[in-house]
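Structural overview for review
This is what each chain is made of:
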Amino acid sequence: MLKSMRKRMKRSKASTILVVGLTATLALTGCTNNDSASSNNAEKVAFNKTGLPIVDKQVTLNIVSPKAALAPDYSEMVIFDRLQEATNVKIKWNNIPGDGYQEKKNLMLASGDLPDAFYASGFSDHDLVQYGQNGTIIPLEDLIDKYAPNLKKLFEQRPDLKKVVTAPDGHIYSLPRAEEMDLIGMPNIMFINKVWLDKLGLEMPTTLEEYHDVLKAFKEKDPNGNGKQDEIGLTFWYNGWCGNEGDLIGLFGLPDSPFEADHRVVRNGKVIYAAVQPEFKEAISYYNGWVKEGLIDPEVVTQKTEQLFAKGKTEDPTLGSFIWWENTEVVGTDRVDDYVVLPPLKGKDGNIVIGRSNYSEYGRDAFVITSANKNPEVTMRWVDELYEPKMSAQINWGPIGEIYEEDANGMLVNKELPEGIAMGELRQKVAPGGPFVVLKEHFGSVVDMEERAKERLEILDEYYKPHMVSENYPSIFFSPEELEVINTIEPEIKTFVKQKEAQWLIDGGIEEEWDDYVKQLKDMGLDQLMEVYQKGLDRYNKQ
Ligand SMILES: [Ca+2]
């Protein structure tokens, strides 16, 4: 009822009846906050506790957010225009390109020159606890309880989602994001050039040795037919969040989790640091042999993703095989059919073992409200709109009209894309990401799954999931004391291991240096670090 009343009011020009109606509504909903008279909160505005718009008189919030390279300023995004129209809350965006974001965010926090909120905040767990406990950002649990019905419902549907954002001190300082698709647990799909296999009369490899022989033939037999030895056997994204070397190492018995030199894997509830295991040593030593033979791209350890993508799109095809989470991004729409999934290879012991990444589908840094915010209730109501399932889908993938249209049941279905447009690029331009939650059950009811996600899930179901290990290291919110240990010890270890793995892979020397390396890691505090991770995991498993 309130909603329709609001709509009517909004559409009409001023009239006595409406002014009376407005006053009555304000009184009914008790939306004039008690604090509004306080001189300390002179900017606090009246708002509606339920229904839309959130405020009758437009309010402006200053929000800082990182943005993707291809994205326009968020003030130009159609999804936010629509939100402003519905809520009457105007956002003054301060968009910071992703690369420089952390530095600028930290400067703002240090200077105390705070926006009302950080969107897609990029706050680390340490940031959340530190700035939550010193009052820079405010606890949100009461605001959620009173003003965030969409989010509250999601917390009821997924208690784990609430756990993810609950700090060790019991407060909620940040809001979640989630895309439950069961996709990013396995982001290392291997692709191979099927045209070259056919041209050279080769079978699809099934073992590491057969794969070696195929790559060697790719390298030596000029499958692109240009008379030059310009073919690249295998490339990937060293230590990347996707397309990394973890399952290549897994062919030696222990799939690694090398994203950002993480290397934490879990077996039977125990945390193992993969990069000091004998399987890791054997694998890196072995693949150094492939680099020497020219089968692995020696630029893997230095290349950025742009360079990797360019290798898939050279004028004459030069890429034999690559690891990524899908193939279009790497080889482009023209060549996508030339590259097929390389079914997981049998490892050294004849078994197929696929790792599970530590990348969680639940994030906890999607939105924080600062102490400078005079209207936290309005802000919570605004951000809660993003957690309405249909809106969440549009925040994550893109709005109706650009990415989606609604079918007869009101479900969001993908529009046909203009020719030559890659979905990944288009999404960067129209979908801000940030605070949203899309649950598994929303697929097929609220939103259709995008085609490339469906394809990836089919690939994972067919080839990968049957061989995936069951455990990974979950997203645990550590205590400040635990974080201190982690943040003191881990950065140095990561830098060291990232550099050594790269050096050994490209130049060799792992056999000679291994014992010293293991000793150095222990001197850096590796055992102490793993104890903290074990403690966190034990706590999580008991919850
Ligand atoms: Ca060639």
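Because the structure is a prediction, the values reported are computed rather than measured.

1. Some words on the overall build of the chain
Scanning the chain for helices and strands turns up 21 helices and 14 strands. Its C-alpha radius of gyration of 26 Å places the chain within 12% of the 24 Å reference for a compact globule of 543 residues. Referenced to the eigenvectors of the C-alpha coordinate spread, the extents of the chain come out at roughly 85 × 55 × 40 Å. Taken across its 543 residues, the chain has 39% of its residues classed as buried.

2. What to know about the sheet that holds strand β6 (residues 232-235)
Taken in spatial order, the 4 strands line up as β6-β9-β5-β10 in an open sheet, and their pairing is mixed. Taken across any chain shown, the strands that pair with only one partner, and hence form the sheet edges, are β6 and β10 (339-341). Each strand axis lies, on average, 20 degrees off the axis of its neighbour in the sheet, ignoring direction. Here 3 bridges tie β6 to strand β9 (residues 319-324), and the two strands are oriented parallel to one another. The partner of Leu234 across the bridge, within β9, is Ser321.

3. A closer look at the sheet that holds strand β1 (residues 59-67)
Here 6 strands make up an open sheet; going across it, the order is β2-β1-β3-β11-β4-β14 and the pairing mixed. At either end of the open sheet lies a strand with only one pairing partner, and these are β2 (89-97) and β14 (437-438). The pairing of strand β4 (residues 175-179) with β14 spans 2 bridges and is classified as parallel. By the bridge assignment for β14, Ala178 is matched with Val437.

4. Focus on the packing of helix α12 (residues 278-292) against helix α19 (residues 480-507)
α19 packs onto α12 with a crossing angle of 45 degrees between their chain directions and a minimal axis gap of 6 Å. On the basis of the axis angle, α12 is oblique to α19. Across the interface between the two elements, Ile284, Tyr287, Asn288 and Val291 from α12 touch Glu501, Trp504, Leu505 and Ile506 from α19.

5. Brief notes about the pairing of strand β8 (residues 270-273)
The pairing of strand β7 (residues 264-267) with β8 spans 4 bridges and is classified as antiparallel. In the strand pairing of β8, Val265 is matched with Ile272. Between the antiparallel neighbours β7 and β8 lie 2 residues, among them Asn268 with a positive phi of about 50 degrees.

6. Thoughts on the confidence of the model for the chain
The share of residues in the chain with pLDDT of 70 or more is 92%, and the mean pLDDT across the chain is 90. Confidence over residues 1-42 falls short of pLDDT 50; this stretch has 36 contacts with residues more than four positions distant or in other chains.

7. A few points about helix α16 (residues 389-397)
Across the 9 residues that make up α16, a large majority, 8, are buried. Regarding α16, the residues found buried are Pro389, Met391, Ser392, Ala393, Gln394, Ile395, Asn396 and Trp397. Count one or two residues on from α16 and you reach Gly398, which has phi positive near 130 degrees.

8. What about the nonpolar core?
Inside soluble globular proteins, nonpolar side chains tend to come together where they are buried. One finds Val89, Ala117, Leu140, Val368 and Val378 to be the most contacted residues of the largest nonpolar core, which totals 63 residues. Both of domain 1 (56-180 + 365-429) and domain 2 (189-358 + 473-542) provide at least three residues apiece to this core. For Val368, the residues in contact, after removing those within four places along its chain, are Ala117, Phe118, Ser121, Phe123, Ile137, Tyr173 and Ser174. Core analysis: the next-biggest nonpolar cluster, separate from the first, contains 59 residues, Trp237, Trp325, Tyr464 and Val532 among them.

9. Some words on the environment of Met204
Of note, Met204 is situated in the loop between α9 (194-199) and α10 (208-220). Taking the C-alpha atoms as reference points, Met204 and Asp262, separated by 58 residues in sequence, lie 32 Å from one another.

10. Quick look at helix α7 (residues 149-157)
Regarding α7, the residues found buried are Leu151, Leu154 and Phe155. In an axial view of α7, the angular spread of the buried residues amounts to 100 degrees, which keeps them on one side of the axis. In α7, the exposed residues that point more than 90 degrees away from the buried face are Glu156 and Gln157. Residues of α7 that are buried in the fold lie against α6 (141-147), α8 (159-165), β4, α15 (376-385) and β14.

Reading guide: rules and limits
Residues numbered from 1 in each chain as written. Predicted model: local features only at pLDDT ≥ 70, side-chain atom pairs only at ≥ 80, totals over all residues. Helix = DSSP H or I, 4+ residues; strand = E, 2+ residues; numbered from the N terminus. Rg over C-alpha atoms; globule rule 2.2 N^0.38 Å. Buried ≥ 20, exposed ≤ 12 C-beta atoms within 10 Å, placed from the backbone. Pairing = 2+ DSSP bridges. Axes fitted to C-alpha atoms, helices over the stretch in contact; angles between N-to-C directions. Parallel < 35°, antiparallel > 145°, perpendicular 65-115°, else oblique. Contact = placed C-beta atoms within 7 Å. pLDDT = per-residue confidence, 0-100. Core = buried A, V, L, I, M, F, W, Y, C linked by C-beta atoms within 7 Å. Domains from an automatic or database assignment. Arc of directions from axis to C-beta.

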